[in-house]
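# Observations on chain architecture
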Amino acid sequence: SVPCAPVNISIEEDEPGYLLVSWSNVNFGHYYVVFVKSDDGLEVHCNTSHTPCYFQSDCGFTYFISVFAYNKAGQSPLGDVFNYTTAPCCPGHIRAAAVSGDTLRVTWALVRGAELYGTRAVGGGGEVLCNGTAASCTLSALRCDTISSVGEARGSNASCGSESVATAPCSPEIKNISKEALSVISVHWQSNNKEANYIVTARGGAGLWHCTSSGNSCTLINLPCGLVFSVSAIVRSPVGQSLPSYSVPLEAAPRCPNELMLTQVTQSVTNISWSVGMGAQTYVMMLESPKGQAKCHTLQNYCLLGCGTDYAVSLKAVSETGLTPSCMYQGYSSACCPSGVKLSRLSNNGIRVYWQASDEKINYNTDLHGSKGNFTCTPSSGLSHCSITEIPCGDVYTVVVTPVTDKGPKLAFCPKK
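Just so you know, these numbers come straight off a predicted model, no measurement behind them.

The next thing to look at is the packing of aromatic side chains. Here the structure, examined in full by the defined rule, presents 10 aromatic pairs. A centroid spacing of 6.2 Å and a plane angle of 35 degrees characterise the contact between Phe-61 and Tyr-63, whose relative ring orientation is tilted. We classify Phe-61 as buried; its relative accessible area is 14%. Here the aromatic rings of Trp-209 and Phe-229 are separated by 5.5 Å at their centres, their planes lie at 90 degrees, and the arrangement is edge-to-face. Here Phe-229 lies in strand 21 (residues 228-236) and Trp-209 lies in strand 19 (residues 207-213), a separation of 20 residues in the sequence. Across the pair, exposure class does not vary: Trp-209 and Phe-229 are buried alike. A cation over an aromatic ring shows up here: Arg-112 above the ring of Phe-61, its NZ or CZ 3.9 Å from the ring centre.

Take the nonpolar core next. Core analysis: the largest hydrophobic core is formed by 20 residues, its most contacted members being Val-187, Val-200, Leu-220, Leu-223, Phe-229 and Val-231. Those elements that place two or more of their residues in this core are strand 17 (184-189), strand 18 (197-204), strand 19, strand 20 (217-220) and strand 21. The leading source of residues in this core is strand 21, at four residues. Leu-223 has contacts with Ser-183, Ile-185, Trp-209, Phe-229 and Leu-250, leaving out every residue within four places of it along the chain. In this structure, Ile-11, Tyr-32, Val-36 and Ala-69 belong to the second largest nonpolar core, which totals 17 residues.

Attention shifts here to the UniProt feature "domain: Fibronectin type-III" (unreviewed entry) in the protein. Those residues carrying the UniProt feature "domain: Fibronectin type-III" (unreviewed entry) are residues 5-89 and 168-255 in this numbering. Along residues 168-255 one finds 0% helix and 52% strand; the C-alpha atoms at either end are 41 Å apart.

Another aspect to go through is the pairing of strand 25 (residues 282-289). Of all eight residues in strand 25, seven are buried; the element is thus mostly enclosed. Here strand 25 hands over to strand 26 (residues 292-298) after two residues, the two strands then running antiparallel side by side.

A sheet is described by the order of its strands in space; here three strands give the open sequence 16-17-20, paired in antiparallel fashion. In this open sheet, the two strands that pair with only one neighbour each are strand 16 (174-181) and strand 20. Between one strand and the next, the sheet's axes are offset by a mean angle of 20 degrees, whatever the strand orientation. Taken together, the four bridges between strand 17 and strand 20 define a ladder with antiparallel strand orientation. Note that in strand 20 the partner of His-188 across the bridge is Ser-217.

What follows covers the pattern of salt bridges. Applying the stated criterion across every chain yields a total of four salt bridges. Of the charged contacts, one joins Asp-39 and Arg-112 as a salt bridge, the two residues approaching to 2.7 Å between their closest N and O atoms. One end of the pair, Asp-39, is in the loop between strand 3 (31-38) and strand 4 (43-48); the other, Arg-112, is in the loop between strand 10 (103-109) and strand 11 (117-123), and 73 residues separate them in sequence. Among the residues examined, Asp-39 registers a relative accessible area of 38% and is labelled partly exposed. Assessed through its relative accessible area of 39%, Arg-112 is described here as partly exposed. Residue Glu-173 is joined to Lys-175 by a salt bridge in which the shortest nitrogen-to-oxygen separation is 3.3 Å. For Glu-173, a relative accessible area of 43% translates into the label partly exposed.

In space, the three strands of this open sheet follow the order 23-24-27, with antiparallel pairing throughout. Two strands bound the open sheet, and with one partner strand each, they are strand 23 (260-264) and strand 27 (302-305). Within the sheet, the average angular offset between the axes of one strand and its neighbour, ignoring direction, is 20 degrees. Two elements, strand 23 and strand 24 (residues 270-274), share five bridges in a ladder whose sense is antiparallel. Note that in strand 24 the partner of Met-261 across the bridge is Ser-273.

This part is about the domain arrangement of the protein. Its domain assignment divides the protein into domain 1 (7-86), domain 2 (95-166), domain 3 (176-251), domain 4 (260-334) and domain 5 (339-403). The centre of domain 3, based on its C-alpha atoms, is set 69 Å off from the matching centre of domain 5.

Let us now look at a nonpolar patch on the surface. On the surface, Phe-64, Leu-78 and Val-81 cluster together into a nonpolar patch covering about 290 Å² of accessible area. Tracing the backbone through its elements, the reader meets Phe-64 in strand 6 (residues 62-71). Residue Phe-64 is classed as partly exposed on the basis of its relative accessible area, which comes to 38%.

Analysis parameters
- Residues numbered from 1 in each chain as written.
- Predicted model: local features only at pLDDT ≥ 70, side-chain atom pairs only at ≥ 80, totals over all residues.
- Heavy atoms only, no water.
- Phe/Tyr/Trp six-rings, centres within 6.5 Å; stacked < 30°, edge-to-face > 60°.
- Buried < 20%, exposed > 50% of the residue type's maximum accessible area, 1.4 Å probe, protein only.
- Helix = DSSP H or I, 4+ residues; strand = E, 2+ residues; numbered from the N terminus.
- Lys NZ or Arg CZ within 6 Å of the ring centre and 35° of its normal.
- Core = buried A, V, L, I, M, F, W, Y, C linked by side-chain atoms within 4.5 Å.
- Contact = heavy atoms within 4.5 Å.
- UniProt positions renumbered as here; feature names shortened; annotations may be inferred.
- Pairing = 2+ DSSP bridges.
- Axes fitted to C-alpha atoms, helices over the stretch in contact; angles between N-to-C directions.
- Salt bridge = Lys/Arg side-chain N within 4 Å of Asp/Glu carboxyl O.
- Domains from an automatic or database assignment.
- Patch = residues over 30% accessible without salt bridge, like charges linked within 9 Å, V, L, I, M, F, W, Y side chains within 5 Å.
- Areas by Shrake-Rupley, 256 points an atom, 1.4 Å probe, with all protein chains shown as cover.

Structural data, given as structure tokens:
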């Protein structure tokens, strides 16, 4: 009679790409035929007088396997039909890219037979796993500026190999900002990356300023005075760019006013004014003279002073937080009108004018104004009188004695006689 159906059928994948089908000997079985049909419809068979049979297999397929025994009487009945699914194929076109200092983005092409993908990164003192059904995975909580081994899992206990991928550089930390000169500052940071280029940016109301370095410091130049800046740093390497550092505020000292102007307001009051210094909230004017020191602290851009003194002027423009540059200017003088002006007639066409000088170093002009003409007399240095002759008689004259200054017009408020 025909032999019985083979039993104790086993299927093993000794190595990827080969299936081993084996069974027990059947009484009166002269030879055996194994039929293997894959889930895409392709069928192959193996004809053998032995109990094992080898088949070539592909990854990611399910195979349906049946075994028949034969003798001269014919074919055995159909026994159990077995199915066997091979491990999924290894993903192709794997790409890993650094997203940030602690994150890698891994993508790949979908493969046959895979229901779940497992991605693993090992490096930097730890292991990070990611499982999912999509063809991408984000591995986070990695160390920045570190090389990790990234690989895909295949089946329950097999790996598809790995490749080395570096994470993005670590964010720098600004340690110190120092002023080197006017409009020049140095920024220092902790260098904690390999093969990195640091870029420092100062953001202010007037624009951006940059400096670069591969070390641990760089210098920003031509920073405008009187502005507040936000200073931060980033790192660029062949792998990518780091996240920016925390910003550090920087305030540039106010700008010195461009010019000072001296105007005598009354006989006893002089107004010193100046242009507005960018970034200045208050001003401190210091006056040094032979008579002592004077100081004026004001919110305005002027100070009211007395007359009759030669001043050495220095001005401080003070910011809201107390930053200040020292601004030196040339000396200024303020002359007072003379006192005790007296007149005496020399003749029918001459007048002598006397006065008391406020300072022996000051020279004076004497001006006569009448309906028949105007006349001027400037005495020699140090004298306190002046004679004007050859003036028309029979007229009434107004006499004004004013100090001679090298700046500005004649004082208009000195008393008239």
